[in-house]
Amino acid sequence: MERPLWDCVQEIYYSTLPIAPSERSAFIESACGHDSTLLREVHSLLAADDSSDGFLESPVFKLGLKLIASEGANGRERVSASLDHLIGTMIDERYLVEKELGQGGMGRVYLARDVTLHSRAVVIKVLLEASLQDPYVVKKFRQEVEALARIDHPHVVSVLGAGTLSDGKLYIVMQYVSGKTLRSEIPTEGMNLERAALILQQIGAALDDVHEKRIFHRDLKPENIMLQIHKNGRESVKVVDFGIAKVRDSVIAPSTINDVRVGTLLYMSPEQLRGQRVTAASDIYSMAVIAYEMVTGRRPFNPSSGPQLLEMLREGVPVRPVDLRASLSTQTQAIILRGLSFEPAARHQSAGEFGELLASSLLNEEETARASKGAGPLTEPATQHSFARPAVKQNANVPNTRWMNLRKPQLVVIGLIALLLISAAAVFLNQKKPPEPTNEVTAPTRSFTYSLTVQRTGDNKTYQSTGQEVFESGDKFRLNVSSSHPGYLYLFNEGPPEPNGSSFTLIYPTPATNSGSATLGADQYVRTNWNTFKGQPGTENFWIVWSASPVSQLESAKTEAFKRQNGALTNESLDLVKTFLITTQEAAKTRYATDKGNQQVTVRGAGDVLVRMLQFKHR
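Residues numbered from 1 in each chain as written. Predicted model: local features only at pLDDT ≥ 70, side-chain atom pairs only at ≥ 80, totals over all residues. Heavy atoms only, no water.

**Q** Could you give an account of the overall build of the protein, naming the residues involved and the relevant values?
**A** Tallying secondary structure elements over the protein gives 18 helices and 24 strands in all. Considering the protein as a whole, with its 619 residues, one finds that 46% of them fall into the buried category. Long-range pairs, those at least 24 residues apart, make up 67% of the contacts in the protein with a sequence separation of at least 6. When the accessible area of the protein is evaluated, it comes to approximately 32,100 Å², of which 52% is carbon and sulfur surface. (Helix = DSSP H or I, 4+ residues; strand = E, 2+ residues; numbered from the N terminus. Buried < 20%, exposed > 50% of the residue type's maximum accessible area, 1.4 Å probe, protein only. Contact = heavy atoms within 4.5 Å. Areas by Shrake-Rupley, 256 points an atom, 1.4 Å probe, with all protein chains shown as cover.)

Right, dumping it as structure tokens:
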């Protein structure tokens, strides 16, 4: 094979994602030809994508290395103690190996001591024997050494040496970083903004230096950012793991025109996912994902599969940062969202500038928040700055004689005119008097919008629908819901009765979507998994519940549903949910309007909870 196996696996895998599952097998067999290994590895990735929640968080390149290495690994390397003979030995007459720290797709990592330099702790990565059989893996290992040798920055891990062991295995010696990963320091509500600002500023500075050396990390994520606390309490960043970095103008091997799709899916830029050229803007995109996560506590995209991730990237960020953290300024939000632009040219072109802008806006958040809470007017009260006309001095001994010169009839006329003016003013003011306040409180109007995406069973054509037609048995559909108000969303399917179990299931949220949370941001677009009309002709009920706050009955039901593979509800939980749905729907008195042009329905109602039951018929 002219290209490495993993390059071919990825190309076929990503080409398969947009294809309907029913048509994938034929495409894969045609693309793989008679290569049984290639066929098996593509199916392995697709199976992992469908079944593993952690797949999207795993580095694709390293997952592939594990698959490839497993093909050529002998029994010794499947045993974790196979390289234990290194522990207690000296490498290069300098590094005393103490213990194994872990193992990845490419090799094992050890903690060692530099006996020539006050027993300083170092990290030694040793390439696995199976990885030595793949020229591409060996090239990437050597390029990691080259990349770190080019970089000399306080916020990037340093390379201290490299070489070959007596048995032919390659190794690299790196600076030991004592600290915690950024991943372990991101709470669910988001980080302290001042701390986040200083960390992002250092990440940007590190990437700026890396990019100047024509190196692109390609796997930037919280797990690859270490945080060190120094004795003076200062916190510093170390960017680590350049194992799949792209090295332009490499002396090890020339750069290729097309970049291999590598990285961790949830942090990969759109161009990485599409196999296009990687630039500094690609790392900046990954940094923007991290920034979003640091300030909100969650990632901007939370797909349940690779295909869904591709769709979400095209549609853009569904939930704005300020919807998850109200204290954020619109300036910070604009900077992050620009970094998450789909097109590389629309993003910041300098990681250093991106980090500085983020830091500057975040460090001003506290001051901005104080001002927005009304710390006082911007100017002093007007009475302190008003200028009164100087009073006209009069001689106290000289009376004002103008009124004394008027005759009595004239005074009577003036009095009548004054009385008429006073009466007219009273009538006018009485008409303008505001109505008396009442104790009646008007509930705010809420709304949500829904539609169906339908895939016909005959020709697999997809179209949008309001769900008012009669469907065919075997048709597939997805329910799409959004709301202009932030809140909580629960979706239930009440299908035909099943003899061996409940047909009442929770379809949103699920453990694999939105981290299992029912939260729905303003203008966030939720799409369920595919459902199929099946069984005898009849009607299926779908319940949509939007709420301004969590619903205790539904949250309890969610906990039970998550314990079952299909999300079914039974017994007491089912009774409680049905009672809640029926009574709340009657009380909410919702109304709806159908937009035939966009094939969607908008549901409106007053109050904090909206419930609507949809009935879909199939034959």
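Don't stop here, the text continues.
**Q** Outline helix α8 (residues 193-212), listing residues and values.
**A** Under the 1.5 Å per step criterion, the end-to-end length of α8 is 28 Å for 20 residues, consistent within 8% with the ideal 28 Å. Sitting at the amino-terminal end of α8 is N192, which places a side-chain oxygen 3.0 Å from the backbone nitrogen of E194. Taken from the residues just after α8, R214 is the one with a positive phi, measuring 60°. (Expected span 1.5 Å × (residues − 1). Polar contact = N/O pair within 3.5 Å; in protein donor to acceptor, adjacent residues only side chain to side chain.)

**Q** Please give an account of the packing of helix α10 (residues 280-296) against helix α14 (residues 351-363) that cites residues and values.
**A** For the pair α10 and α14, interaxial distance at closest approach is 10 Å and the crossing angle is 15°. Our classification of the angle between α10 and α14 gives roughly parallel. At the point where α10 passes α14, the crossing takes the right-handed sense. Residues I284, M287, A288, A291 and V295 of α10 pack against A351, F354, G355, L358 and L362 of α14. Within the contact of α10 with α14, the residues separate by chemical class into 9 nonpolar, 1 polar and no charged. (Axes fitted to C-alpha atoms, helices over the stretch in contact; angles between N-to-C directions. Parallel < 35°, antiparallel > 145°, perpendicular 65-115°, else oblique. Left-handed = near helix turned anticlockwise from the far one by under 90°. Nonpolar A, V, L, I, M, F, W, Y, C, P; charged D, E, K, R; others polar.)

**Q** Run through the sheet that holds strand β9 (residues 225-229), naming residues and quoting values.
**A** In sheet architecture, strand pairing relies on hydrogen bonds along the backbone and comes in two forms, parallel and antiparallel. Here 3 strands make up an open sheet; going across it, the order is β7-β9-β10 and the pairing antiparallel. Edge positions in the sheet fall to β7 (180-181) and β10 (235-239), since each has one partner strand and no second. When β9 meets β10, the two strands line up antiparallel, connected through 5 bridges. In the sheet register, I225 faces β10, and the bridge partner there is V239. Relative to β10, α8 is tilted by about 40°, and along the sheet it contacts β9 and β10. (Pairing = 2+ DSSP bridges.)

**Q** Before we move on, can you summarise the environment of Q201 with the specific residues and values?
**A** Within the secondary structure, Q201 sits in helix α8. For Q201, a relative accessible area of 28% puts it in the partly exposed group. Residues Q201 and S360, spaced 159 residues apart in sequence, show a C-alpha to C-alpha distance of 8.9 Å. Excluding residues that lie within four positions of it along the chain, Q201 makes contacts with G355, E356 and A359.

**Q** Quick one: what's the story with the side chain of D209, residue by residue and with numbers?
**A** You can see D209 is positioned in helix α8. Here D209 falls in the buried class, since its relative accessible area comes to 13%. In contact with D209, not counting residues within four places along its chain, are I151, D152 and H153.

**Q** Before we move on, can you summarise the packing of helix α17 (residues 552-561) against helix α18 (residues 571-588) with the specific residues and values?
**A** Relative orientation of the contacting elements α17 and α18 amounts to 145°, with a least axis distance of 10 Å. Crossing angle aside, the handedness with which α17 passes α18 is left-handed. Residues Q553, L554, A557 and E560 of α17 form the contact with α18, whose participating residues are S573, V577 and F580.

**Q** Any details on the nonpolar core? Residues and values, ideally.
**A** Ranked by size, the top nonpolar core spans 66 residues in total, and within it L182, I203 and M294 carry the most contacts. With 10 residues, the single largest contributor to this core is α10. Those residues in contact with I203 that lie beyond four places of it in its chain are L220, I225, V237 and M287. Within the second largest apolar cluster, 23 residues are counted, among which are Y450, L489, F533 and L610. (Core = buried A, V, L, I, M, F, W, Y, C linked by side-chain atoms within 4.5 Å.)

**Q** Can you lay out unusual backbone geometry for me, pointing to particular residues and giving the numbers?
**A** P509 follows Y508 through a cis peptide bond whose omega is 0°. Mapped onto the elements of the fold, P509 is located in the loop between β17 (504-508) and β18 (519-520). Phi at H118 takes a positive value of approximately 55°, unusual for a residue other than glycine. As for its position among the elements, H118 is in the loop between β3 (107-114) and β4 (120-127). With relative accessibility at 78%, the residue H118 sits in the exposed group. At R214, a residue that is not glycine, the phi angle is positive and equals roughly 60°. Among the structural elements, R214 can be located in the loop between α8 and β8 (215-216).

**Q** Can you lay out the pairing of strand β13 (residues 462-465) for me, pointing to particular residues and giving the numbers?
**A** As paired elements, strand β12 (residues 445-455) and β13 share 4 bridges and run antiparallel to each other. Residue pairing for β13: Q455 is matched across the bridge by T462. The antiparallel hairpin formed by β12 and β13 contains 6 residues in its connecting segment, where N460 sits at a positive phi of about 60°.

**Q** Describe the pattern of salt bridges, listing the residues and the values that go with them.
**A** Inspection of every chain in the model, using the stated rule, returns 19 salt bridges. Linking D209 and K213 is a salt bridge whose minimum nitrogen-to-oxygen distance equals 3.1 Å. By relative accessible area, K213 is classed as partly exposed at 25%. Among the charged side chains, a network of salt bridges with common partners joins K180, E185, R195 and E235. (Salt bridge = Lys/Arg side-chain N within 4 Å of Asp/Glu carboxyl O.)

**Q** Can you explain the sheet that holds β3? Please cite residues and give values.
**A** Ordered in space as β1-β2-β3-β4-β6-β5, the 6 strands form an open sheet in which the pairing is antiparallel. Of all the strands in the sheet, the pair left with one neighbour each is β1 (90-91) and β5 (159-164). Relative to strand β6 (residues 170-175), β4 runs antiparallel, the two sharing 5 bridges. In the strand pairing of β6, V122 is matched with Q175.

**Q** Any details on the pairing of β9? Residues and values, ideally.
**A** The element β9 is largely enclosed, with a buried count of 4 among its 5 residues. Taken together, the 2 bridges between β7 and β9 define a ladder with antiparallel strand orientation. Its bridge partner lying in β9, K180 is registered against L227. Joining the antiparallel neighbours β9 and β10 is a turn of 5 residues, in which G233 adopts a positive phi near 90°.

**Q** Just give me the short version of α10, but keep the residues and values in it.
**A** With 17 residues, α10 ought to run about 24 Å at 1.5 Å a step, and its terminal C-alpha atoms sit 24 Å apart, in line with that. The buried fraction of α10 amounts to 17 of the 17 residues, a majority that puts the element mostly inside the structure. Phi turns positive one or two residues past the end of α10, at G297, with a value near 85°.

**Q** Residue-level account of the packing of aromatic side chains, with values.
**A** For the structure on display, the rule yields 7 aromatic pairs. Aromatic pair F471 and F533: ring centres 4.9 Å apart, planes at 15°, arrangement stacked. Pair noted here: F471 is in strand β14 (residues 470-471) and F533 is in the loop between β20 (531-532) and β21 (538-547), with a separation of 62 residues, a long-range link. For the pair F471 and F533, one class covers both residues: buried. Note on F542 and F616: the rings are 5.3 Å apart at their centroids and 35° apart in plane angle, and the pair reads as tilted. Taken together, the residues span a long stretch of sequence, with F542 in strand β21 and F616 in strand β24 (residues 609-618) at a distance of 74 residues. Accessibility expressed as a relative area gives 0% for F542, which makes it buried. Grouped by ring-pair contacts, the aromatic residues F471, F477, F533, F542 and F616 constitute a single cluster. (Phe/Tyr/Trp six-rings, centres within 6.5 Å; stacked < 30°, edge-to-face > 60°.)

Everything listed is a geometric property; what it means functionally is a separate question.
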